[in-house]
Amino acid sequence: MYVVLHSNGICEGFGEEAPFETKKGPYLECHQLHRLCDGGPDHPKNVTALCPNCHTRAHYAISARSFKDELLSKVAQLEENNDSAKLA
């Protein structure tokens with residue numbers, strides 16, 4: 001749930017609102033940027049909120065590697081913006 005709240009209901013891959021609302025809020029899926037089984041950290045900064053299409057793209061698309069690189073860049077920028085806002 002943290003990742004959905006952190007994303008403000010916006011798919012962090014596509015930049016659009018979640019595709020629909022559930023009883024608990026916007027429907028987005030949690031995606032680990034670095035898989036835990038590959039030694040990725042179990043930390044909130046290692047996850048991103050994706051719509052179902054982007055989540056599937058992150059795992060199965062021919063361009064999955066370049067999409068992952070895009071996600072890493074976007075999440076780093078979001079974290080930087082959040083950190084800057086906290087300091088202001």
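Here, the structure is the one placed above.
Being a predicted model, the structure only gives us computed values, none of them experimental.

Thoughts on helix H2 (residues 52–60)
Part 1: Listed as buried for H2 are Cys-54, His-55 and Ala-58. All buried residues of H2 project into a common sector of 105° when viewed along the axis, lining one side. For H2, the exposed residues set more than 90 degrees away from the buried face come down to Asn-53 and Tyr-60.

Here's the deal with empty space enclosed by the protein
Part 1: One pass over the structure, following the stated rule, counts 1 cavity of 30 Å³ or more.
Part 2: Roughly 60 Å³ of internal volume is contained in the largest cavity.
Part 3: In this structure, the largest cavity is lined by Tyr-2, Val-3, His-6, Glu-12, Pro-44, Val-47, Val-75, Leu-78 and Glu-79.
Part 4: When contributions to the lining of the largest cavity are tallied by element, the ones reaching two or more residues are helix H1 (2–6) and helix H3 (64–87).

Concerning unusual backbone geometry
Part 1: A positive phi angle is found at Asn-8, which is not glycine, with a value near 60°.
Part 2: Mapped onto the secondary structure, Asn-8 falls in the loop between H1 and strand E1 (21–22).
Part 3: Judged by relative accessible area, Asn-8 falls into the exposed class, the value being 67%.

Comments concerning the layout of surface pockets
Part 1: Within this model, the largest pocket holds a volume of roughly 220 Å³.
Part 2: Of all the secondary structure elements, the ones that give two or more residues to the lining of the largest pocket are strand E3 (29–32), H2 and H3.
Part 3: Of the residues that constitute the lining of the largest pocket, the class distribution is 3 nonpolar, 4 polar and 4 charged.

Let's talk about the nonpolar core
Part 1: Among the nonpolar cores identified, the biggest contains 15 residues, and Cys-11, Leu-28, Leu-50, Cys-54 and Leu-71 are the most heavily contacted of them.
Part 2: At the level of elements, H1, strand E4 (47–50), H2 and H3 are the ones that each hand at least two residues to this core.

Considerations on the environment of Lys-74
Part 1: Considering the arrangement of structural elements, one finds Lys-74 in helix H3.
Part 2: On the basis of relative accessibility, which here comes to 33%, the residue Lys-74 falls in the partly exposed class.
Part 3: Taking C-alpha positions, Lys-74 is 14 Å from His-6, a pair spaced 68 residues apart along the chain.
Part 4: Only 2.6 Å separates the side chain of Lys-74 from the backbone oxygen of Gly-13, close enough to count as a polar contact.

A look at the pairing of E4
Part 1: Of the two faces of E4, the one lined by Val-47 and Ala-49 and the one lined by Thr-48 and Leu-50 are each fully buried.
Part 2: Sheet topology note: the E3/E4 ladder contains 4 bridges and is antiparallel. Of the residues in E4, the one forming a bridge with Cys-30 is Ala-49.

Cut-offs and rules
- Residues numbered from 1 in each chain as written.
- Predicted model: local features only at pLDDT ≥ 70, side-chain atom pairs only at ≥ 80, totals over all residues.
- Heavy atoms only, no water.
- Buried < 20%, exposed > 50% of the residue type's maximum accessible area, 1.4 Å probe, protein only.
- Helix = DSSP H or I, 4+ residues; strand = E, 2+ residues; numbered from the N terminus.
- Arc of directions from axis to C-beta.
- 1 Å grid on protein atoms, 1.4 Å probe; cavity = no way out; pocket = protein on both sides within 12 Å on 5 of 7 lines; lining within 4 Å.
- Points joined across faces, edges and corners; volume = space filled by probe spheres on them.
- Nonpolar A, V, L, I, M, F, W, Y, C, P; charged D, E, K, R; others polar.
- Core = buried A, V, L, I, M, F, W, Y, C linked by side-chain atoms within 4.5 Å.
- Polar contact = N/O pair within 3.5 Å; in protein donor to acceptor, adjacent residues only side chain to side chain.
- Pairing = 2+ DSSP bridges.

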